[in-house]
Amino acid sequence: MKKWRQQVKKWLANQLELPADVVMDLPRITMIGHIHIYIENHRGLLTFSDKELRLLLKQGQLLVRGEEFVIKTILPEEILLEGKIQQVVYLDQ
Amino acid sequence: MKNTWAHFFTGSVQVTIQGRGTERLVNACLRNGMTVWNVRKIGEDKLTFFMLLKDVPRLRPIVRQSECKLSFGRRSGFPFLLKKTFANFGFLLGIFLFLAVVFLLSNMVWGVHVQGAKPETEHRILKELKQMGVEKGAFQFLLDPPEIIQKKLTDRIDTLTWVGVELRGTTFYFQVVEKKQPKEPEQIPIRHLVAKKKAVITDLFVEEGQPLVSVHDHVEKGQLLVSGIIGKEGQTKFVPAKGKIFGETWYKSTVVLPLEAVFHVFTGKYVEKHYLSIQSFAIPVWGFQKLSFAHYETESQKRPLRFWKWELPIVYERVIYRETEQVKRSYSWNEAFQQAKKIARKELQAKLDDDASIKDEKVLHAEKENGKVKVEMYYEVHENIAQPQPIVQGD
């Protein structure tokens, strides 16, 4: 049932040319070079250190690796991370 | 994203949490709608972030539910600034005092300038202004507005046609237009005109009175020239005799001029030094260079310093050292002779009135003795020889 709903949403996004993050509740990630990363639509902070940030998403997790991390701003659904970003990894669960 | 300067007014505080599940605590904070920024991990289980001061009471229950310890770090923003300001209110007092002083000083009158008035009118204006309170050191807000001052001035001083009163910053400017009043005719007492010295009359110009001499007459000193008694005998009238009687007079003058002379002249170079002196002890304030002049003259100006209305025992002294130079002048005999003649003429001209003229000059005698030139000159001058002599009535 859930899979089917997801399928419909994907089809809708494709056919109506709607932005995928709005229709499918996916995170929108904006990076400015390797110094800023701005993530919208996350579901909470899992772990945070100066080398690693793990965020809960609606499906799976997002892992950001790098150095000298500072969370400049954090809101319930948005986060702005500053530092030297090296990797952005999706983890499926 | 939030404007960080908006946090300034509400005040913000740095929070450090230590323990297990620091991330969970942050999530809980967010869920409660608190604003959190600059999150930083500073140790294995230590997290620090900034939050708004007004959110602190809501933080406490959340911390109690978690397994973390809470401590507060740097506080910044307006509420803390206010607290600090009250803690050292001496500064605050100083700032306000300073502002008050600046306010008072900028509301004082620092100068009164009167333009376009004769000295005596200016003096009267200044006196009137003083009576109105317009003087150095008066407060502007206690004075009448310029229009009223203008009206009062024109009312009180009758020799004024118009006064422009302008307050520019802290200075009053008065632009004065005076009435042109006709001159009162001079009251001359009745008098004769007599000869100032021995002369031969060359020209007569009598305005009033009875002339008793004519051109080419030889007159002696004190001789009556124009009589102040006019009219036929028996019907005489006294008048102030007026007029100019030009006569040829003679002058003799002797000038002695050394052929060689030594002068001290200023070279134009000078050094200024400034001192503050208490009694006889002088502290140099400005001008520390050494004097390089071989000959110089000193000139010093002293001015006592004042505080409010008292004179302080400290005196400000300005000393000017002017370099001098010796100049030797030497004339040849001929030059000296010419120079002496010039000097003699100048000396005579300085003695004579403006309407006198030198008609002729003759060298009576010129000689050289002991390195000096001695010249004796003889001048023929046309000048006004009339001199008033009051008539004493009842003679």
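Note that the structure is predicted; figures quoted are calculated from it, not measured. (Residues numbered from 1 in each chain as written. Chains lettered and ligands numbered in written order. Predicted model: local features only at pLDDT ≥ 70, side-chain atom pairs only at ≥ 80, totals over all residues. Heavy atoms only, no water.)

1. As for the overall build of chain B
And then number 1: When helices and strands are tallied, chain B shows 8 helices and 22 strands.
And then number 2: Its C-alpha atoms give chain B a radius of gyration of 45 Å, clearly above 21 Å, the size a compact globule of 395 residues would have.
And then number 3: Its C-alpha atoms give chain B principal-axis dimensions of roughly 140 × 65 × 40 Å.
And then number 4: Here chain B, with 395 residues, has 32% of them falling under the buried criterion.
And then number 5: The contacts in chain B between residues at least 6 apart in sequence include a share of 66% that link residues at least 24 apart. (Helix = DSSP H or I, 4+ residues; strand = E, 2+ residues; numbered from the N terminus. Rg over C-alpha atoms; globule rule 2.2 N^0.38 Å. Buried < 20%, exposed > 50% of the residue type's maximum accessible area, 1.4 Å probe, protein only. Contact = heavy atoms within 4.5 Å.)

2. Overview of the packing of helix α2 (residues 22-31) of chain B against helix α3 (residues 56-65) of chain B
The relative placement of two packed helices is expressed as an angle between their axes plus a distance between the axes.
Residues and elements named next belong to chain B.
And then number 1: It is at 10 Å that the axes of α2 and α3 come closest, and there the two elements cross at 140°. On the basis of the axis angle, α2 is oblique to α3. With respect to the hand of their crossing, α2 and α3 are arranged in right-handed fashion. For the pair formed by α2 and α3, the contact residues are L25, A28 and C29 on the first element and L59, I62 and V63 on the second. (Axes fitted to C-alpha atoms, helices over the stretch in contact; angles between N-to-C directions. Parallel < 35°, antiparallel > 145°, perpendicular 65-115°, else oblique. Left-handed = near helix turned anticlockwise from the far one by under 90°.)

3. Focus: the nonpolar core
And then number 1: Membership of the largest hydrophobic core comes to 34 residues, with the highest contact counts inside it found for L45, F48, L53, V64, I71 and I74 of chain A together with F49 of chain B.
And then number 2: Those residues in contact with I74 of chain A that sit more than four places away from it in its chain are L45 and I79 of chain A together with V26, L30, V36 and V39 of chain B. (Core = buried A, V, L, I, M, F, W, Y, C linked by side-chain atoms within 4.5 Å.)

4. Quick notes on the sheet that holds strand β12 (residues 224-227) of chain B
And then number 1: In spatial order, the strands read β10-β12-β8-β22 (chain B); together these 4 strands make up an open sheet with antiparallel pairing. In the strand order of this sheet, the two ends are held by β10 (210-211) and β22 (386-390) of chain B, each with one partner. (Pairing = 2+ DSSP bridges.)

5. Here we look at the domain arrangement of chain B
And then number 1: The domain architecture assigned to chain B consists of domain 1 (6-82), domain 2 (111-178), domain 3 (191-243), domain 4 (254-260 + 330-387) and domain 5 (262-328).
And then number 2: Spacing between the C-alpha centres of domain 1 of chain B and domain 2 of chain B amounts to 68 Å. (Domains from an automatic or database assignment.)

6. Quick look at the interface of chain B and chain A
And then number 1: Tallying the contact residues gives 12 residues for chain B and 16 residues for chain A.
And then number 2: Across the chain B/chain A interface, buried area totals approximately 1300 Å², and carbon plus sulfur atoms make up 61% of it.
And then number 3: For the pair chain B and chain A, the number of links is 0 salt bridges.
And then number 4: Counting every contact that joins chain B to chain A gives 7 residue pairs in polar contact (both at pLDDT 80 or more).
And then number 5: Counting only elements with at least two residues in the side of chain B that touches chain A, the list comes to α2 and β2 (36-43) of chain B.
And then number 6: In terms of residue count, the dominant contributor to the side of chain B that touches chain A is β2 of chain B (6 residues).
And then number 7: Each residue belonging to the side of chain B that touches chain A can be placed in one class, and the counts come to 7 nonpolar, 2 polar and 3 charged. (Buried area = accessible area lost by both parts, 1.4 Å probe. Salt bridge = Lys/Arg side-chain N within 4 Å of Asp/Glu carboxyl O. Polar contact = N/O pair within 3.5 Å; in protein donor to acceptor, adjacent residues only side chain to side chain. Nonpolar A, V, L, I, M, F, W, Y, C, P; charged D, E, K, R; others polar.)

7. What to know about the pairing of strand β3 (residues 44-48) of chain A
Residue and element names in this part refer to chain A.
And then number 1: With 4 bridges connecting them, β3 and strand β4 (residues 52-56) associate as antiparallel partners. Bridge assignment links F48 to a residue of β4, and that residue is L53.
And then number 2: If you look at the hairpin formed by β3 and β4, you'll find 3 residues sitting between the two strands.

8. Some thoughts on the sheet that holds strand β5 (residues 111-115) of chain B
All names here are of chain B.
And then number 1: One open sheet holds the 3 strands; their spatial order is β5-β7-β6, and the pairing between them is mixed. The strands lining the two open edges of the sheet, one partner per strand, are β5 and β6 (160-168). Between one strand axis and the next, the sheet turns by 15° as a mean value, whatever way the strands run.
And then number 2: Two strands pair when backbone bridges link them, and β5 and strand β7 (residues 171-178) are joined in this way by 5 bridges, in the parallel orientation. Of the residues in β7, the one forming a bridge with H113 is Y173.
And then number 3: On the sheet, helix α6 (residues 119-132) packs against β5, β6 and β7 and is oriented at approximately 145° with respect to β5.
And then number 4: On the sheet, helix α7 (residues 146-156) packs against β6 and β7 and is oriented at approximately 155° with respect to β6.

9. Here we look at the packing of α6 of chain B against α7 of chain B
All names here are of chain B.
And then number 1: Their axes nearest at 11 Å, the elements α6 and α7 cross at an angle of 130°. Classified by the angle between their axes, α6 and α7 sit oblique to one another. Two packed elements cross with a definite hand, and for α6 against α7 that hand is right-handed. When α6 is examined against α7, the residues R124, I125, E128, L129, Q131 and M132 are found in contact with a partner set consisting of I149, K152, L153 and R156.
And then number 2: Grouping the constituent residues of the contact of α6 with α7 by class yields 5 nonpolar, 1 polar and 4 charged.

10. Overview of the environment of G19 of chain B
All names here are of chain B.
And then number 1: Here G19 shows up in strand β1 (residues 12-20).
And then number 2: A sequence separation of 27 residues divides G19 from K46, and the C-alpha atoms of the two residues are 6.7 Å apart.
And then number 3: Not counting the four nearest positions on each side in its chain, G19 is found in contact with D45, E67 and C68.

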